[in-house]
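Residue-level listing of the chains:
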Amino acid sequence: MNISIIGTGYVGLVTGACFAKLGHDVICVDINEDRINDINKGIAPIYEDKLDGILKKCIKEGSLKATADIRHAVENTSVSFICVGTPSGLLGYIDLKYIDEVSKDIGTILKDKDDYHVVVVKSTVVPGTTEHSVLPVLEKNSGKKAGRDFGVCMNPEFLREGTAVDDFMYPDRMIIGGIDERSTDAVFDLYKDFKCPTIKTDPKTAEMIKYATNSFLVTKISFINEIGNICKQLDIDVFEVSRGLGMDSRVSPKFLNAGIGFGGSCFPKDVKALVGKAKEVYYRPIVLNAALELNETQPLRLVELLERKIGSIKNENVVVLGLAFKPGTDDMREAPSIKVVQTLIKKEANVFVTDPKAVGEAKKLMGEHERLTYCNSSEDAVKNGKYILIVTEWDEFRDKKLYKGKIVIDGRKIDEAMAADYYEGVCW
Ligand code: NAD
Ligand code: UGA
């Protein structure tokens, strides 16, 4: 099938590259010219395992192209996936400006297109968006009727950064929420060779399944962090507790790693967006707010524990190992490292940070400061001071040599760091 992908970030580019790999002809659209140029050269503009190889092959074979020309892309394909960002807006409510812009563009193009076309929302959008925002904009700008002249579907994405290609290719399940059977079946057809269960449903249920999933995972993380905080006071190993808890098949062992909490481009913003949507319908979510609240303070426990051990950190050199919100990515969005570094600087410590991939992104986000030094490697970073905080569990930090003679507060359970003179976990 001929597929267009609008927005070539993590979700769009992975979706486009994987569909091309599966034998479809894909046109990727973005407004960012640098991204387009990189993609057309076979270079992934984001750091994502396996993506470069697939991209190079598909560009060479001609099954994937990138362009800024959305008209060309929509006119020459029969399905368009909307994969643009849906950031947090005012007070955490979802900001749908990119979705609106793309819906208007596609609607205007559909006005002049005779063939049946299916518009698929893959971006994460709050329940009701596809039917009550995207669909009317498409109808208004095309002058056509959804269901009769074109199809509309919501197909949420569950991939994780760092393992995005495998997550896309081998999902746990497929959720397809069409406005009618024809739209749903057109999208189902694209995934027909995927060996996973599929739920065919309506758009708002598909949208809610995505939010329920992210909200549940966030709650699970904050839950185990809370258990960890209590375990620490009681001198109990929370990882042993997680192991025992995870053996209960109703719980599952995944997402029970206690530590300094969750960050990333989606968990915080998606839960805030669902809280915002709930407020709109006069419901105040208790569990979701508690999960967010605990996550606000969890990273700061690293600094508190260091102060408890050594007293004031003013003018002390503190090394921070890890900046990315998790290993395997250069993504710094909502990374717990930001709060840790800001707090250390506020307390007038000299901060030496390093990360195998995210130093460039960190510089863009955190900028320069007289008390902040970006180091090229963990070996370089640890030369600067005795006190080490572990923020991201990169394999590069699993080296006992880094910790000899040091005082370490660990936010991610790096066992090798126990070789330090003094070792303490954030909730173990
Ligand atoms: P991103 O910010 O990495 O990429 C979005 C892209 O859209 C950018 O390249 C931007 O230039 C482009 N864009 C913006 N306006 C455009 C327009 N008018 N026309 C064409 N391109 C335009 O975003 P992402 O991380 O890929 O997330 C996209 C959506 O998928 C979000 O709703 C997110 O919540 C959801 N999601 C993300 C992940 C993830 O792991 N990142 C996983 C599942 C779902
Ligand atoms: C997450 C979800 O896992 C994906 O299914 C979803 O598609 C995506 O959000 C999204 O909607 O964007 P991602 O943000 O890439 O994926 O990363 P995760 O591996 O889920 O980790 C998120 C955060 O939770 C990280 O900061 C990680 O360190 C933290 N985490 C994760 C924990 O603190 N403990 C755990 O046990 C697991």
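The structure this text deals with has already been given above.
Residues numbered from 1 in each chain as written. Chains lettered and ligands numbered in written order. Predicted model: local features only at pLDDT ≥ 70, side-chain atom pairs only at ≥ 80, totals over all residues. Heavy atoms only, no water.

Trainee: I would appreciate a short explanation of unusual backbone geometry in the present structure.
Mentor: As a rule of thumb, non-glycine residues mostly have phi less than zero, and peptide bonds are mostly trans rather than cis. Of note, the phi angle at Asn315 is positive, near 65°, even though the residue is not glycine. Inspection of the secondary structure puts Asn315 in the loop between helix H13 (301–310) and strand E9 (317–321). The phi torsion at Lys413 lies on the positive side, around 60°, for a residue other than glycine. You can see Lys413 is positioned in the loop between strand E13 (407–410) and strand E14 (422–425). (Helix = DSSP H or I, 4+ residues; strand = E, 2+ residues; numbered from the N terminus.)

Trainee: In this structure, what is going on with a nonpolar patch on the surface? I would like to understand it.
Mentor: Together, Ile230, Leu234 and Ile236 make up a nonpolar patch on the protein surface, roughly 280 Å² of accessible area in all. Mapped onto the fold, Leu234 is located in helix H9 (residues 203–234). The exposed category is assigned to Leu234, whose relative accessible area is 55%. (Patch = residues over 30% accessible without salt bridge, like charges linked within 9 Å, V, L, I, M, F, W, Y side chains within 5 Å. Areas by Shrake-Rupley, 256 points an atom, 1.4 Å probe, with all protein chains shown as cover. Salt bridge = Lys/Arg side-chain N within 4 Å of Asp/Glu carboxyl O. Buried < 20%, exposed > 50% of the residue type's maximum accessible area, 1.4 Å probe, protein only.)

Trainee: Would you mind going over the packing of aromatic side chains with me for this structure?
Mentor: We describe a pair of aromatic rings using the distance from one ring centre to the other and the angle between the two ring planes. Counting across every chain of the model gives nine aromatic pairs. Pairing Phe19 with Phe168 gives two aromatic rings, centres 5.5 Å apart and planes at 90°, and the pair type is edge-to-face. A residue pair is termed long-range when its members are at least 10 positions apart, and Phe19 in helix H1 (residues 10–21) and Phe168 in helix H7 (residues 164–169) qualify at 149 residues. When sorted by exposure, Phe19 lands in the same class as Phe168, which is buried. Judged by centre distance (5.1 Å) and plane angle (85°), the rings of Phe239 and Trp428 are edge-to-face. Of the two residues, Phe239 is situated in helix H10 (residues 238–246) and Trp428 in the segment after E14; the sequence distance between them amounts to 189 residues. (Phe/Tyr/Trp six-rings, centres within 6.5 Å; stacked < 30°, edge-to-face > 60°.)

Trainee: Just checking my understanding: could you explain the pattern of salt bridges for this structure?
Mentor: Should the charged atoms of two oppositely charged side chains come close, the side chains can pair. Using the criterion set out here, one finds 27 salt bridges in the structure. One salt bridge in this structure joins Glu139 and Lys145, with 3.4 Å as the shortest N-O distance. Residue Glu139 is classed as partly exposed on the basis of its relative accessible area of 22%. Here Arg243 and Glu240 are joined by a salt bridge, their closest N and O atoms 3.5 Å apart. Note that Arg243 and Glu240 are positioned in helix H10 at a spacing of three residues, about one turn of the helix. Here Glu240 falls in the partly exposed class, since its relative accessible area comes to 47%.

Trainee: Is there a simple way to think about the site of ligand 2 in this case?
Mentor: As a matter of local geometry, ligand 2 sits amid 20 residues, with Phe158, Leu159, Glu161, Lys210 and Cys266 nearest to it. Here an oxygen atom of ligand 2 and a side-chain polar atom of Asn214 are 2.9 Å apart. Note that an oxygen atom of ligand 2 is positioned 2.9 Å from one of the backbone N or O atoms of Asn257. Here ligand 2 has 700 Å² of accessible area as a free molecule, and 90% of this is covered by the chains. Residue composition of the shell around ligand 2, grouped by class: nine nonpolar, four polar and seven charged. (Near = heavy atom within 4 Å. Polar contact = N/O pair within 3.5 Å; in protein donor to acceptor, adjacent residues only side chain to side chain. Nonpolar A, V, L, I, M, F, W, Y, C, P; charged D, E, K, R; others polar.)

Trainee: In this structure, what is going on with the site of ligand 1? I would like to understand it.
Mentor: Val11, Asp30, Arg35, Thr86 and Lys269 are the nearest of the 27 residues found near ligand 1. Between Thr86 and ligand 1, the recorded distance is 2.5 Å, taken from a side-chain N or O atom to an oxygen atom. Note that a nitrogen atom of ligand 1 is positioned 3.1 Å from one of the side-chain N or O atoms of Glu161. Considering ligand 1 on its own, with 840 Å² of exposed area, one finds that the protein chains cover 89% of that surface. Listed by contribution, the elements that provide at least two residues to the shell around ligand 1 are H1 and helix H5 (97–111). Among the elements that make up the shell around ligand 1, the one with the highest residue count is H5 (three residues).

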